Amino acid sequence: MTKLYNDPARFTEDMVAGFLDANRRYVAGVPGGVVRAHRTRPGKVAVVIGGGSGHYPAFCGTVGVGFADGAVVGNIFTSPSAEEAASVARAAHGDAGVLLTTGNYAGDVMNFGLAVSQLRSEGIDACYFAVTDDVASAPRGEETKRRGIAGDFTVFKCASAAAEEGLDLAGVLRVAEAANAATRTLGVAFDGCTMPGADQPLFTVPEGTMGVGLGIHGEPGVADDPMPTAAALAERLVDGVLADNPDAASRRIAVILNGLGRTKYEELFVVWGTAARLLRDRGYEIVEPEVGELVTSLDMAGCSLTVMWLDDELERYWTAPADTPAYRKGDRTPESGGSKAELRTGEELQTASQTPALDELSDDEGRRGGRGVARALSAMAEMLADAEAELGRIDAVAGDGDHGRGMVKGSAAASAAAQRAVAAGGGQGSVLAEAGKEWAARAGGTSGVLWGALLSALGARLGDTGRPESETVVTGMRDGYDALVSLGGASPGDKTMLDALLPFVEDFERRVADGQPWLDAWRESAAVAESAARATADLRPRVGRARPLAERSVGTPDAGATSLAMCLRTVAGTFPVTTEKS
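Residues numbered from 1 in each chain as written. Predicted model: local features only at pLDDT ≥ 70, side-chain atom pairs only at ≥ 80, totals over all residues. Heavy atoms only, no water.

Draft legend 1. Highlighting the overall build of the protein chain. The helix and strand tally for the protein chain stands at 18 helices and 15 strands. Expected size for 582 residues packed as a compact globule is a radius of gyration near 25 Å; at 25 Å, the protein chain falls within 12% of this value. In the protein chain, which comprises 582 residues, the share counted as buried stands at 58%. Sequence separation of at least 24 residues holds for 74% of the intrachain contacts in the protein chain that already meet a minimum separation of 6. Across the protein chain, the 56 positively charged side chains and the 80 negatively charged ones have centroids separated by 0 Å. (Helix = DSSP H or I, 4+ residues; strand = E, 2+ residues; numbered from the N terminus. Rg over C-alpha atoms; globule rule 2.2 N^0.38 Å. Buried < 20%, exposed > 50% of the residue type's maximum accessible area, 1.4 Å probe, protein only. Contact = heavy atoms within 4.5 Å. Lys, Arg positive; Asp, Glu negative; His and termini not counted. Charge placed at Lys NZ, Arg CZ, Asp CG, Glu CD.)

Dropping the structure here:
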């Protein structure tokens with residue numbers, strides 16, 4: 001049980017404060033996480049890792065020379081927000097771009113993907129990669145659905161070493177992809193982990209058994225097996241990992257036997273003795289193995305085995321020097337950016353993660369447009385507050401009933417952010433971007449991230465100067481749709497908000513192409529979206545929380561599609577009928 005804490009709600013903040021104080025020669029704090037204490041040298045790609053906390057030394061413990069340039073630190077087992085990820089990336093960025101990378105969890109994928117969009121809109125070259133090493137979470141052939149667990153470490157290490165060596169952003173991303181394709185992990189749990197302040201673990205394992213295929217966010221295994229001896233466990237792990245990559249040609253491998261928080265090093269060494277012999281008996285040469293705690297899950301009892309099949313390039317990066325608070329390998333050289341690199345100043349740390357002043361980006365027409373956007377968002381927030389109960393009722397038919405509350409929280413936060421941006425002199429693009437950030441950060445859940453992406457994409461297209469042409473508004477809505485498809489992984493017909501948004505966008509495009517002003521076209525296309533939202537009652541959900549109760553959902557429209565159509569109608573009503581001016 002996690003026993004030492006002050007306020008459980010501030011456990012992560014208190015942990016980070018202590019971590020920064022103890023490791024100030026390595027790291028400095030910025031909003032959302034930590035970065036190296038020394039500036040990123042010219043020409044070096046910054047690698048920013050992260051996710052929820054509770055996994056130390058992953059992720060902040062591996063920020064340093066030869067490893068990550070920054071780590072985004074979310075609450076325990078909770079994805080950081082897009083704004084937190086963007087904040088750390090801005091601070092870590094030098095002049096050669098940023099790779100953001102996490103395990104393959106829906107919240108991380110969406111929030112870090114949205115952060116990449118934000119960074120690109122600011123002129124920072126950025127890309128994102130999700131690790132998928134967990135063989136138990138999806139079968140062969142469906143690797144993109146797999147979680148990232150302790151294999152995060154091998155992928156992050158190789159990508160970071162490639163950046164340290166001087167590869168460009170495309171090259172660093174290529175190395176991350178290669179390391180991920182070569183990495184497999186299988187884990188087991190003997191007992192669950194307990195959140196600070198809780199008196200019960202997130203899951204339990206029946207007496208005399210172990211859970212096979214655990215996750216690192218407190219997820220139980222996919223099967224319960226009888227508790228084995230250390231030797232039998234080693235054989236189970238080795239067989240499970242090797243069987244998932246039977247066609248691997250390389251006989252040189254990097255191996256991690258990872259403890260999950262409560263299994264002691266001595267126990268791990270007992271398991272390793274057998275695992276190493278089994279691997280060598282099968283013809284493998286083990287290259288610089290790691291045995292210990294690298295990716296933990298609070299106080300979970302258990303361990304995992306990771307294998308990365310090496311080629312010459314991956315072996316060079318796996319064995320490259322690193323010097324971080326929790327992980328050291330080889331000799332640190334000044335040329336790698338260590339002691340001779342320039343320390344970040346206090347002023348730099350205060351400003352590095354911030355965006356430019358909004359009034360410096362806009363002109364009078366843009367600021368006028370920003371005021372119109374803020375009015376529209378305010379009207380949406382008022383409408384959604386009135387519709388909260390009905391949206392919750394629709395969502396509760398096959399979901400958890402929180403859609404109305406989430407939409408109210410998100411829209412209220414977005415409206416407040418828009419008002420602040422207007423007061424700061426923001427144009428329509430910045431007002432939408434600031435609103436999108438707050439919607440994603442405050443709403444929670446998938447819909448919050450998606451609404452944040454939609455507003456941010458539209459804002460990036462409209463910009464902060466001049467009055468957008470009708471064609472620009474249309475293209476911005478298409479950009480928003482594309483962002484939702486990319487982030488959420490859903491498709492039309494899956495019974496999501498896309499089933500209302502796509503008909504709207506297609507009808508909007510057609511009407512503007514036929515010469516209608518955007519506002520007239522928007523009003524008529526909003527009616528198309530409302531009709532499409534009602535038609536989702538006939539669909540069966542194929543993604544999300546409603547999917548397991550698909551039959552129950554039939555006959556009820558999708559809550560996300562319904563709220564989207566309501567918002568589109570409300571936006572049209574906030575602009576004067578006789579003019580496009582805002």
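That shown, we press on.
Draft legend 2. Seen up close, the sheet that holds strand E3 (residues 46–53). Across the sheet, which stays open at both edges, the six strands sit in the order E1-E2-E4-E3-E5-E6 with mixed pairing between neighbours. Of all strands in the sheet, those with a lone pairing partner are strand E1 (27–30) and strand E6 (126–131), marking the two edges. Adjacent strand axes in the sheet meet at a mean angle of 25 degrees when their direction is disregarded. Along the sheet, helix H1 (residues 11–22) contacts E1, strand E2 (33–36), E3 and strand E4 (70–76); its crossing angle with E4, the most-contacted strand, is approximately 145 degrees. In the packing of helix H5 (residues 169–181) onto the sheet, the strands contacted are E3, strand E5 (98–103) and E6, and the crossing angle to E6 comes to about 5 degrees. (Pairing = 2+ DSSP bridges. Axes fitted to C-alpha atoms, helices over the stretch in contact; angles between N-to-C directions.)

Draft legend 3. Structural context of the pattern of salt bridges. Applying the stated criterion across every chain yields a total of 38 salt bridges. A salt bridge links Glu438 to Arg420, with the shortest nitrogen-to-oxygen separation between them at 3.9 Å. With a gap of 18 residues between them, Glu438 in helix H12 (residues 428–443) and Arg420 in helix H11 (residues 403–423) connect regions that are remote in the sequence. Here Arg420 falls in the partly exposed class, since its relative accessible area comes to 49%. Its salt-bridge partner being Asp507, residue Arg510 comes within 2.9 Å of it at the nearest N-O pair. Of this pair, Arg510 and Asp507 both sit in helix H15 (residues 498–513), three residues apart, which is roughly one turn of the helix. (Salt bridge = Lys/Arg side-chain N within 4 Å of Asp/Glu carboxyl O.)

Draft legend 4. Spatial organisation of the pairing of strand E7 (residues 183–191). Most of E7 sits out of view: seven of its nine residues are buried. Of the strand pairs in this sheet, E7 and strand E13 (residues 301–309) are connected by eight bridges, and their pairing is antiparallel. Within the sheet, the bridge partner assigned to Ala189 lies in E13 and is Gly302. Pairing analysis gives two bridges linking E7 to strand E8 (residues 209–212), with the strands arranged antiparallel. Paired with Val188 across the strands is Val212, a residue of E8.

Draft legend 5. Local environment of the UniProt feature "domain: DhaK" (unreviewed entry) in the protein chain. Within this numbering scheme, the UniProt entry marks residues 7–327 as carrying the feature "domain: DhaK" (unreviewed entry). Overall, residues 7–327 shows 33% helix and 24% strand. The separation of its end C-alpha atoms is 29 Å. (UniProt positions renumbered as here; feature names shortened; annotations may be inferred.)

Draft legend 6. Looking closely at a positive patch on the surface. Taken together, the side chains of Arg368, Arg371, Arg375 and Arg467 define a basic patch exposed on the protein surface. Relative to the helices and strands, Arg368 resides in helix H10 (residues 364–396). Residue Arg368 is classed as partly exposed on the basis of its relative accessible area, which comes to 31%. (Patch = residues over 30% accessible without salt bridge, like charges linked within 9 Å, V, L, I, M, F, W, Y side chains within 5 Å. Areas by Shrake-Rupley, 256 points an atom, 1.4 Å probe, with all protein chains shown as cover.)

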